[in-house]
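Remarks on the overall topology
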Amino acid sequence: AGAAAVLSLLLSGCATPLRGQLTAFHEWPADAPRSYRFARSAAQRDSLEHATWERLLRAELARAGFQEAPSPRFAIGFDYRVARQMGRVVEAYPAVQPYFWWGTWGPRGGVGIGGPWPWWGPGFYPVERSRVWYQYRLRVEIEDLAARPARRVYEGTALSDGLDPAPADVLPLLARAILGDFPGPSGVTRSVEVPVDAQP
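To start, this report covers the structure provided alongside it. (Residues numbered from 1 in each chain as written. Predicted model: local features only at pLDDT ≥ 70, side-chain atom pairs only at ≥ 80, totals over all residues. Heavy atoms only, no water.)

Moving on: the overall build of the chain. Along the chain, the regular secondary structure elements total four helices and nine strands. Taken from the N to the C terminus, the helices and strands of the chain come in the order α-β-β-α-α-β-β-β-β-β-β-α-β. Across the 200 residues that make up the chain, the buried fraction comes to 35%. Taking the contacts inside the chain whose residues are at least 6 apart along the sequence as the reference set, 75% of them involve residues at least 24 apart. (Helix = DSSP H or I, 4+ residues; strand = E, 2+ residues; numbered from the N terminus. Buried < 20%, exposed > 50% of the residue type's maximum accessible area, 1.4 Å probe, protein only. Contact = heavy atoms within 4.5 Å.)

Below, the structure written as structure tokens:
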């Protein structure tokens, strides 16, 4: 039922705005300068894909007032994943039924729209189908380098769904959801909307 509800939203219209969920936990230091460097795992260091996502995230960080610096206050790491999902959805199809009547010149026939499922609505019947969609997940982690030892001060995860298996334009929107009112409320999951046509 949950998968069907998600897919009904995905398939019902266009992709404006991007809708998703954001969960954040933080102990953000007040009045800290938003200077940073990227933190990369060993696998991310040599990844061309990660370098592409890093360029996109850099632009969104700049929108939020963060600046790269040789001696930064923060180290920012992130992980972007696209996961294939499958579920069952129910779609409405018109019910086509034959009908007959007697007229002046003998029997007549035709085709009408109708159905015996009043809970679905007149003239339609439910058909269950398999659907494939994709979940987009961006996780951002920030460490305060001024602390000794360095300590994590922010964790944020943004999730959304769509039908494109490899959309380059989703990561900036997920980043915008995380950074839009950064650092935002801590310890809660909330729904977010980001206009697709917003320009950097």
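Within the structure shown, the criterion is met by nine aromatic pairs. Measuring from ring centre to ring centre gives 4.9 Å for Trp53 and Tyr80, while their planes differ by 85 degrees; the resulting arrangement is edge-to-face. Here Trp53 is found in helix α3 (residues 48-63), whereas its partner Tyr80 is found in strand β4 (residues 74-94), with 27 residues between them in sequence. Relative accessible area serves as the criterion here: at 9%, Tyr80 is assigned to the buried category. Measuring from centroid to centroid gives 5.5 Å for Phe66 and Phe182, while their planes differ by 80 degrees, and the two rings are edge-to-face. Of this pair, Phe66 sits in the loop between α3 and β3 (67-68) while Phe182 sits in the loop between α4 (170-179) and β9 (188-194), and the two are 116 residues apart along the sequence. Comparing Phe66 with Phe182 shows no difference in burial state: the two are buried. Members of the aromatic cluster, connected to one another through ring pairs, are Trp28, Tyr36, Phe38, Phe66, Phe74, Phe78, Tyr154 and Phe182. (Phe/Tyr/Trp six-rings, centres within 6.5 Å; stacked < 30°, edge-to-face > 60°.)

Looking now at the pattern of salt bridges. Opposite charge on two side chains lets them pair, provided their charged atoms get close. Applying the stated criterion to the full structure yields 15 salt bridges. Across the pair Arg58 and Glu54 runs a salt bridge whose closest N-O atoms are separated by 3.5 Å. One end of the pair is Arg58 and the other is Glu54, both in helix α3 and four residues apart, which spans about a single turn. Looking at Glu54, the relative accessible area reads 7%, which means it is buried. Between Asp79 and Arg81 there is a salt bridge, with its nearest N and O atoms 2.6 Å apart. For Asp79, a relative accessible area of 22% translates into the label partly exposed. On the basis of relative accessible area, Arg81 is assigned to the exposed category, the value being 51%. Each of Arg40, Glu54, Arg58 and Glu68 takes part in a single network of salt bridges with overlapping partners. (Salt bridge = Lys/Arg side-chain N within 4 Å of Asp/Glu carboxyl O.)

Now for unusual backbone geometry. Look at the link from Arg148 to Pro149: it is a cis peptide, with omega at 0 degrees. The topology assignment puts Pro149 in the loop between β7 (124-144) and β8 (151-162). Geometrically, the link from Phe182 to Pro183 is a cis peptide bond, its omega value of -5 degrees lying close to zero. Mapped onto the secondary structure, Pro183 falls in the loop between α4 and β9. The phi torsion at Asp31 lies on the positive side, around 60 degrees, for a residue other than glycine. Along the polypeptide, Asp31 turns up in the loop between β1 (18-26) and β2 (35-38).

Between its first and last C-alpha atoms α3 spans 24 Å; for 16 residues at 1.5 Å apiece the expected length is 22 Å, and the two agree. Burial in α3 covers these residues: His50, Trp53, Glu54, Leu57, Glu60 and Leu61. Buried residues of α3, seen end-on, are gathered within an arc of 125 degrees and therefore sit on one face of the element. Opposite the buried face of α3, at more than 90 degrees from it, the exposed residues are Leu48 and Arg55. Capping the start of α3, Ser47 holds a side-chain oxygen 3.4 Å from the backbone nitrogen of Glu49, two or three residues further along. Backbone geometry just after α3 places Gly65 at a positive phi near 90 degrees. (Expected span 1.5 Å × (residues − 1). Arc of directions from axis to C-beta. Polar contact = N/O pair within 3.5 Å; in protein donor to acceptor, adjacent residues only side chain to side chain.)

Any functional reading would require information that these geometric values do not contain.
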